[in-house]
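# Per-entry structural report
The primary structure of each chain is shown beneath.
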Amino acid sequence: MFSRPLLYGNFSKICASAAARQPHQSVTQPTTASTAVANNNTQIREYHEVVGDILCPSQVMGIDHIRDPRLNKGLAFTLEERQVLGIHGLQPARFKTQEEQLELCKIAVNRYSESLNKYLYLSDLQDRNERLFFRFLSENIEEMMPIIYTPTVGLACQRFGLIYRRPRGLFVTINDRGHVFDVIKNWPEPDVRAIVVTDGERILGLGDLGASGMGIPVGKLALYTALAGIKPHQCLPILIDVGTNNIDLLEDPLYVGLRQKRVVGREYDDFIDEFMQAVVKRYGQNTLIQFEDFGNHNAFRFLDKYRNTYCTFNDDIQGTASVAVAGLYASKRITGRSFAEYTFLFAGAGEAAIGIADLVVKAMVAEGVSLEEARSKIWMVDIDGLLTTTRKDGNLEGHKFNYAKEVEPMKNLEDIVDKIKPNVLIGASAAAGIFTPKILQTMAANNERPVVFALSNPTSKAECTAEQAYQNTEGRVIFSSGSPFPPVTIGDKTFYPGQGNNAYIFPGVALGVIATGTHHIPDDMFLIASQELANYVSDADLERGSLYPPLSSIREISMRIAMGVTKCAYDKGLASTYPEPQDKRKWLEEQLYNFNYESSLPVTWVWPRMPYIKTRDESPLLAAIK
Ligand SMILES: NC(=O)C1=CN([C@@H]2O[C@H](COP(=O)(O)OP(=O)(O)OC[C@H]3O[C@@H](n4cnc5c(N)ncnc54)[C@H](OP(=O)(O)O)[C@@H]3O)[C@@H](O)[C@H]2O)C=CC1
Ligand SMILES: CC(=O)C(=O)O
Ligand SMILES: [Mg+2]
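Bear in mind that the values here come from a model prediction, so they are computed numbers and not experimental data.

### Notes on the site of ligand 2
Neighbouring ligand 2 are Y149, R202, L204, K220, E292, D293, D315, D316, N457, N501 and N502. Residue K220 places a side-chain N or O atom 2.9 Å away from an oxygen atom belonging to ligand 2. D293 is positioned with one of its side-chain polar atoms (N or O) 3.0 Å from an oxygen atom of ligand 2. Burial of ligand 2 by the protein amounts to 91% of the accessible area it has alone, namely 220 Å². Under a 2 Å grid-point criterion requiring more than half of the atoms, the pocket assigned to ligand 2 is the second largest pocket.

See below:
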């Protein structure tokens, strides 16, 4: 007879005594002031406990082990694991490898024709088996990034009220003012190192989606893990709900956020202050806070306000700048021109456009060009037309001022392109289709190799499609876009346009920042990231029409960016993790998430001699002890 009660009885007792000695405290992670708060939280799961010389991998037993996405391995649990954990019999007889499960994931996700259904399948997988989800994502990034990220994540946000199933991330509402720390305390993980936060006011180019914007922090943090190997339990998505000005949502019975207009002004600012302080109180000064998809009237202010007092960056301003400048570096290899020889025109003068322009200027200044000359090369258009100092309504917001020119106002983009004759045209306006065929043809008439970036997301908001760009320039355009476009064939040549998206940048920057415990994030780190990315672009990439390496190489790129950021952190005295590692790659690699299953068995396990029933596949271990 199979002596299951004996085996499980002993195991449970061991774990129970371990829990009694050190409730909720991991042996791999000493208690700190910030974890002390978390340690009171009964939801925290203990994954490792030392009992004498036995390392017990988990005290979550039975069905709860399978129900915990962080512990679940599905049919990949071995017979020993099934017996020890008390889940023997709770699953079918078959044993699968993780590779077999990955094959099944591929078949399962491809059964769906609608991208939103693929998104739901992947969300469900993440809720069910986290390690399998991240391995699947990281090994199929070309196919899966458009699902968990732009463009499909935009649709998921638009349908958030309909598809919302299980909590993922933290919702902090304006009604929690005065108690934000208490809300953050409810997050079950004690060791959060990175937060992506949005208030939902400018979700991609889709506008104000209020609480439905939660899909963005969730998607960005999924890429933290899949693309940079940052451990998922260290990542926390947060949605700050201060209401929405989107009338459709306010009237939508399915909307799940606060049903009120946005709180603004002093009350809003104080609330964000309280949020920042609460994060530091719970998780420490070095917690990385990535601002994402805030309205630009807040994004620039908060970046200025917090950049020197918190470990923070704004992805839409700085991450986007970094990826676009990398594309521009790569473009120089085709055009043979320096930045100072380019004339730039931006359609859009918001977070992305100003961020890119400022970093281009920084790059030019680093090449010996004066600040004034660098700025003089950059022209910008906002919703009212060309940025000029002679505008009738006078006032230009601070961040636009540096790029306003002393010329007569102009409104029409076609006329502006005609007049300025830019070599580089960058769209970050969320105004779909504003790069008309005429504009593209003018770019081609004025340039042997015109550079055109249509960076707006999702796909429906792009300034032009890849097809339009190549068609209207006889295939001479050097093109990239924020969301992916399929290859385009002109004559006998097929072009594979690259994706100019900050996803190439933020995971690697975050890894370097987290690992070094950096206090503040200087712009230099984004220029370093830009150069690392540009250096990785091969001649073959350029030849196939892409200014960026294939998405499948982002994991290696993230590592290189993280190494550059790490070096910068120590060089500038911003790191707080000492001593400085000599072999930075090895040191970073040692901290990465393991996408492969780990054993759920104790490391040292004295297997009791006992009879058993051979009901399932014969495993080597059981064969040995028979
Ligand atoms: N590829 C990538 O990695 C990224 C892409 N993006 C995308 O870029 C787009 C813009 O984002 P962001 O800069 O943060 O948004 P902002 O709201 O900060 O900026 C949008 C800018 O576009 C201007 N604008 C709007 N309509 C027009 C028009 N018809 N013609 C010219 N200018 C116009 C606005 O003018 P005004 O100032 O007068 O309102 C504003 O300056 C979004 O679609 C976003 O998804 C953003 C970040 C990263
Ligand atoms: C990519 C991104 O951050 C955006 O479109 O907002
Ligand atoms: Mg964004």
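### Remarks on the UniProt feature "binding site: a divalent metal cation" (unreviewed entry) in the protein chain
UniProt tags E292, D293 and D316 as "binding site: a divalent metal cation" (unreviewed entry). For the annotated residues, spread through 25 residues, the largest C-alpha to C-alpha distance comes to 6.8 Å, consistent with a single compact locus. Set against the second largest pocket, the annotated residues named above that line it are E292, D293 and D316. With respect to the helices and strands, the residue E292 is situated in the loop between β6 (288–291) and α15 (296–306). Residue class for E292 comes out buried when judged on its relative accessible area of 1%.

### Section: the domain arrangement of the protein chain
Taken domain by domain, the protein chain comprises domain 1 (149–310) and domain 2 (318–503). One C-alpha centre belongs to domain 1, the other to domain 2; they are set 29 Å apart. Taken together, the contact pairs 17 residues of domain 1 with 18 residues of domain 2. In total, domain 1 and domain 2 occlude about 1200 Å² of area from one another, counting both sides; carbon and sulfur atoms represent 58% of this. Ranking the residues of domain 1 by area buried against domain 2 places T150, G205 and F300 at the top, with a combined share of 38%.

### What to know about the sheet that holds strand β10 (residues 385–386)
Pairing is mixed in the open sheet, where seven strands are placed in the order β10-β9-β8-β11-β12-β13-β16. Every other strand in the sheet has two partners, leaving β10 and β16 (498–499) as the edge strands with one partner each. Pairing geometry for strand β8 (residues 344–347) and strand β9 (residues 378–382), over four bridges, is parallel. Its bridge partner lying in β9, L345 is registered against W379. Along the sheet face, helix α16 (residues 315–335) touches β8, β11 (424–427), β12 (451–454) and β13 (478–481) and points at about 155 degrees away from the line of β12. Where helix α20 (residues 413–420) meets the sheet, its contacts fall on β8, β9 and β10, and the angle it forms with β8 comes to roughly 170 degrees.

### Quick look at the sheet that holds strand β3 (residues 170–173)
In space, the five strands of this open sheet follow the order β3-β5-β4-β6-β7, with parallel pairing throughout. Each of the sheet's edge strands pairs with one partner strand only, and the pair in question is β3 and β7 (312–314). On average, each strand axis in the sheet is inclined to that of its neighbour by 25 degrees, with strand direction left out of account. Here five bridges tie strand β4 (residues 194–198) to strand β5 (residues 235–241), and the two strands are oriented parallel to one another. The residue bridging I195 from the neighbouring strand is L236, located in β5.

### Describing the layout of surface pockets
For the second largest pocket, the calculated volume is near 990 Å³. Residue lining of the second largest pocket: 46 residues in total, with R202, A428, S429, A430 and S456 positioned closest to the centre. Elements with a contribution of two residues or more to the lining of the second largest pocket: α12 (215–228), α15, α16, α17 (351–366), β9 and α19 (398–401). Per element, the largest residue contribution to the lining of the second largest pocket is four residues, and it comes from α12. Looking at side-chain class alone, the lining of the second largest pocket contains 16 nonpolar, 19 polar and 11 charged residues. Domain assignment of the residues forming the lining of the second largest pocket places at least three in each of domain 1 (149–310) and domain 2 (318–503).

### Some details on the site of ligand 1
In the vicinity of ligand 1 lie 26 residues, with R202, N296, A349, A352 and K400 positioned nearest. Contacts to ligand 1 include N457, whose backbone N or O atom sits 3.2 Å from an oxygen atom. Within the backbone of G500, a nitrogen or oxygen atom sits 2.9 Å from a nitrogen atom of ligand 1. Considered on its own, ligand 1 offers 910 Å² of accessible surface; in the complex 84% of this is hidden by protein. Of all the cavities here, the one that holds ligand 1 is the second largest pocket.

### Focus on the confidence of the model for the protein chain
Chain-level pLDDT for the protein chain is 89 on average; 86% of the residues reach the 70-or-more range. Note that residues 1–56 has pLDDT below 50 and, in this model, 99 contacts with residues that lie over four places away or in other chains. Confidence metrics for the complex model read pTM 0.89 and ipTM 0.99.

### As for the environment of V381
Inspection of the secondary structure assignment puts V381 in strand β9. Residue V381 is classed as buried on the basis of its relative accessible area, which comes to 8%. If sequence neighbours within four positions are ignored, V381 has contacts with L345, F346, A347, G348, A349, L386, L413 and I416.

### Quick look at the coordination of the magnesium ion (ligand 3)
Coordination of the magnesium ion (ligand 3) by the protein comes from E292 (OE), D293 (OD) and D316 (OD), over a distance range of 2.0 to 2.1 Å. Sequence spacing of the donor residues for the magnesium ion (ligand 3), all on one chain, is E-D-x22-D. A residue pair is termed long-range when its members are at least 10 positions apart, and E292 in the loop between β6 and α15 and D316 in helix α16 qualify at 24 residues. Taken individually, E292 and D316 each receive the classification buried, so the pair is uniform in this respect.

Reading the values: rules and limits
- Residues numbered from 1 in each chain as written.
- Chains lettered and ligands numbered in written order.
- Predicted model: local features only at pLDDT ≥ 70, side-chain atom pairs only at ≥ 80, totals over all residues.
- Heavy atoms only, no water.
- Near = heavy atom within 4 Å.
- Polar contact = N/O pair within 3.5 Å; in protein donor to acceptor, adjacent residues only side chain to side chain.
- Areas by Shrake-Rupley, 256 points an atom, 1.4 Å probe, with all protein chains shown as cover.
- 1 Å grid on protein atoms, 1.4 Å probe; cavity = no way out; pocket = protein on both sides within 12 Å on 5 of 7 lines; lining within 4 Å.
- Sits in = over half its atoms within 2 Å of the grid points.
- UniProt positions renumbered as here; feature names shortened; annotations may be inferred.
- Helix = DSSP H or I, 4+ residues; strand = E, 2+ residues; numbered from the N terminus.
- Buried < 20%, exposed > 50% of the residue type's maximum accessible area, 1.4 Å probe, protein only.
- Domains from an automatic or database assignment.
- Contact = heavy atoms within 4.5 Å.
- Buried area = accessible area lost by both parts, 1.4 Å probe.
- Pairing = 2+ DSSP bridges.
- Axes fitted to C-alpha atoms, helices over the stretch in contact; angles between N-to-C directions.
- Points joined across faces, edges and corners; volume = space filled by probe spheres on them.
- Nonpolar A, V, L, I, M, F, W, Y, C, P; charged D, E, K, R; others polar.
- pLDDT = per-residue confidence, 0-100.
- Donors = N, O, S within 2.8 Å, 3.2 Å for Na, K, Ca; no water.

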